[in-house]
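# A closer look at the structure
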Amino acid sequence: MRKLVFSALGLLIMTGAFAQFKVDANFRTRGEVRNGYITPALENSTAASFVSQRSRINFSFAKEKISMKFGIQDVRVWGEDDIYSATGAFGDSGSLMASEAWMKYNFTDSAFIKVGRQEFAYDEQRLLSGRDWAQAGLFYDAALLSYLKGNWQFDLGLSLNNTAENQFDLEFPSDKNRIQTLNFVYAKNELSKKSNISALILASGMNDANEANNIHQMYTMGINYNTSLGKLKTHLEGYYQTGENATGMDVSAYFVTASVKYPATQKLTIGAGYDFFSGEDASNTDADYTKTDHTFDILYGARYKYNGSMNQFLMMGKPWDKGGLQDINASVVYKANKKSSVKADLHTFMLSNDYAASTSTTTNFVAMDKYLGWELDASYNYNLNSDVKFALGVSYLNPTDELYEIKKMNPDDMGTNLFGWISLQFTPELFNSNKN
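Keep in mind it's a predicted model, so treat the numbers as computed, not measured.

Rules and cut-offs
- Here the residue numbering is sequential within each chain, running from 1 through the sequence in written order.
- pLDDT decides what is reported in this predicted model: residues at 70 or higher carry local features, side-chain atom pairs at 80 or more are listed and counted, and totals for whole chains, interfaces and linings draw on all residues regardless.
- Water and hydrogen atoms play no part in the side-chain values, which are based on all heavy atoms of the structure.
- Only buried residues count toward a nonpolar core, which is a set of Ala, Val, Leu, Ile, Met, Phe, Trp, Tyr and Cys residues joined through side-chain atoms within 4.5 Å.
- A 1.4 Å probe rolled over the protein chains alone gives each residue an accessible area, and that area as a share of the maximum for its type sets the label: buried under 20%, exposed over 50%, partly exposed in between.
- Think of it this way: any DSSP run of H or I at least four residues long counts as a helix, any run of E at least two long counts as a strand, and we number them from the N terminus.
- Pairs of residues are marked as contacts when any of their non-hydrogen atoms sit within 4.5 Å.
- Salt bridges are identified by distance alone: a Lys or Arg side-chain nitrogen within 4 Å of an Asp or Glu carboxyl oxygen.
- The pairing criterion for strands is at least two bridges between them, as found by DSSP.
- Each patch is assembled from residues with relative accessible area greater than 30% and no salt bridge, linking like charges that lie within 9 Å and nonpolar side chains (Val, Leu, Ile, Met, Phe, Trp, Tyr) that lie within 5 Å.
- The protein chains shown are the only cover counted for residues, whose accessible areas, like all others here, come from Shrake-Rupley with a 1.4 Å probe.
- His is not counted, nor are the chain ends, whereas Lys and Arg count as positive and Asp and Glu as negative.
- Taken as the charge location is NZ of Lys, CZ of Arg, CG of Asp or CD of Glu.
- Between 30 and 60 degrees the pair is tilted, below 30 it is stacked and above 60 it is edge-to-face, where a pair is any two Phe, Tyr or Trp rings, Trp via its six-membered ring, whose centres lie within 6.5 Å.
- Think of it as a cone above the ring: NZ of Lys or CZ of Arg counts as a charge over the ring if it is within 6 Å of the ring centre and within 35 degrees of the ring normal.

### Some words on the nonpolar core
Soluble, globular proteins show a tendency: their nonpolar side chains are buried together. Counting 48 residues, the largest nonpolar core has Phe120, Leu128, Phe184, Phe296 and Leu372 as the members making the most contacts within it. For this core, the secondary-structure elements that each account for two or more residues are strand 8 (140-149), strand 10 (181-190), strand 11 (195-207), strand 14 (250-263), strand 20 (388-399), helix 3 (401-406) and strand 21 (417-426). With residues near it in sequence (within four places) discarded, Phe184 still touches Phe120, Tyr122, Leu128, Leu144, Asp155, Leu156, Gly157, Leu200, Ile201 and Leu202. In this structure, Ala19, Phe21, Met68 and Ile72 belong to the second largest nonpolar core, which totals eight residues.

### Remarks on the pattern of salt bridges
By the definition in use, this model includes 12 salt bridges. We note a salt bridge from Asp132 to Arg28, for which the minimum N-O separation is 3.3 Å. Placement of Asp132 in the loop between strand 7 (111-118) and strand 8 and of Arg28 in strand 1 (residues 20-35) is noted, with a sequence separation of 104 residues between them. Members of the salt-bridge network, linked through shared partners, are Arg28, Arg54 and Asp132.

### Some remarks on the pairing of strand 10
Of all 10 residues in strand 10, seven are buried; the element is thus mostly enclosed. Judged from the six bridges that link them, strand 9 (residues 152-158) and strand 10 form a sheet pairing that is antiparallel. When the bridges of strand 10 are listed, Leu156 appears paired with Val185. Counting the residues in the hairpin turn of strand 10 and strand 11 gives four residues.

### Some details on the environment of Ser341
Tracing the sequence through the fold places Ser341 in strand 18 (residues 340-350). For the pair Ser341 and Asn381, spaced 40 residues apart in sequence, the C-alpha separation works out to 5.4 Å. With near-sequence residues (within four places) excluded, Ser341 lies in contact with Tyr334, Lys335, Ser379, Tyr380 and Asn381.

### Some thoughts on the environment of Asn106
Checked against the element boundaries, Asn106 lands in strand 6 (residues 96-106). For Asn106, a relative accessible area of 23% gives the class partly exposed. C-alpha of Asn106 to C-alpha of Ser146: the two residues are 40 residues apart in sequence and 9.5 Å apart in space. When neighbours within four sequence positions are excluded, Asn106 is seen to be in contact with Lys65, Ala111 and Phe112.

### Focus on the pairing of strand 2 (residues 48-63)
Where strand 1 and strand 2 come together, 15 bridges link them in antiparallel fashion. Considered in strand 2, the bridge of Val23 is made with Phe59. Note: strand 2 against strand 3 (residues 66-77), 12 bridges, orientation antiparallel. Bridging from a neighbouring strand, Phe59 pairs with Phe70 of strand 3. Turn length for the strand 2-strand 3 hairpin, with the two strands adjacent in sequence and antiparallel, is two residues, and the turn residue Glu64 shows positive phi of about 55°.

### Description of a positive patch on the surface
On the surface, a cluster of positive charge is contributed by Lys233, Lys261, Lys305 and Lys335. Tracing the sequence through the fold places Lys233 in strand 13 (residues 232-244).

### What to know about the packing of aromatic side chains
Within this structure, the stated rule accounts for 17 aromatic pairs. Ring geometry for Phe255 versus Phe296: centroids 5.7 Å apart, planes at 35°, classification tilted. With Phe255 in strand 14 and Phe296 in the loop between strand 16 (292-293) and strand 17 (325-335), the pair connects residues that are 41 residues apart, well separated along the chain. You'll find Phe255 and Phe296 in the same group, each marked buried. Chaining the aromatic ring pairs together yields one cluster made of Phe120, Tyr122, Tyr140, Phe184, Tyr186 and Tyr300. The ring of Phe112 carries the charged tip of Lys104 above its face, separated from the ring centre by 4.2 Å.

Listed below in structure tokens is the structure:
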């Protein structure tokens, strides 16, 4: 990796004399205290506290029709180093990695191809996201063909993932959380200055857990629509999934969301939203129904951004142990000035379908109460300048006994669910040939 870094740096420096050459960095340190993050807290739980850090540097250049970006990052938890002794920690053997590594060629002013490790972040990032909350971020090894003309944008993404250079077979882990193929078509039209509409068709292929060389394809398709009615901004989005899941079961699932935002004053913006994820109806024992997977999979969509900062649901990959999820939420954003802002979000969570209660039996079905609890998330952001950002946040979850039961935990041992974090981020531009 070290040789690769220096080779790339040398190449970029040599070409910098003849092309636009830029070096920028992204250093983010974040401290967290977790007591109920992802997993609900128990009465005797002890809060976890740690500090993590992202150290990223990007080299990029553009010359005529060709552009390139190469990013290197080190992501670590303070103290995780595996090269150490009683006198100190000296380093980590496996922490350095490539964040982005792509080449782009512009066929015309309207069309280009981009190949390599890159970020995909479309619309509200419900299915394809950069997931920047994670210190490592989320990047894709893929080829992207893009065409932009007038008010139209058309993208075609193609990928094939493997764990080695194989001689035979489509060797890839039969892990439902790892996609072997991820291909999509995306189209967007700016209808006016106040509204736009986009469509996405995404095919995700996963290797069968029991049968080699058998890739199950699941298809997700939907529409995203944004418009403004005076000062009121509205958003509508919906997707339907079909095909097969990782086990080969037929899929028929959907997700819809709607939200509004209104600037009550120059400094205060209020909003409200509703998310609905389909799931399994445990009371439906019809043979045709039970042989189909009705639980919507958000694939590589954003986690921390939606449905509560404590990630009780989306971090599970599929919502909420197949019961589906409803999230009724409201938000308030107050911008004190150009540098600082405060945000608060309130979420109310419910199951979408009947879920078997602990008292349910094979002969007597008892549905669980669908209400799962509420969560309040608050955050503060302050930009010291264009390169330095400070932020902190706190979340409180008030769960019901039903949420603990779904998580296979004893409600009688329920603890206090709190999550707090503080972050400092530096994003300086270290060099720009156009400015020298």
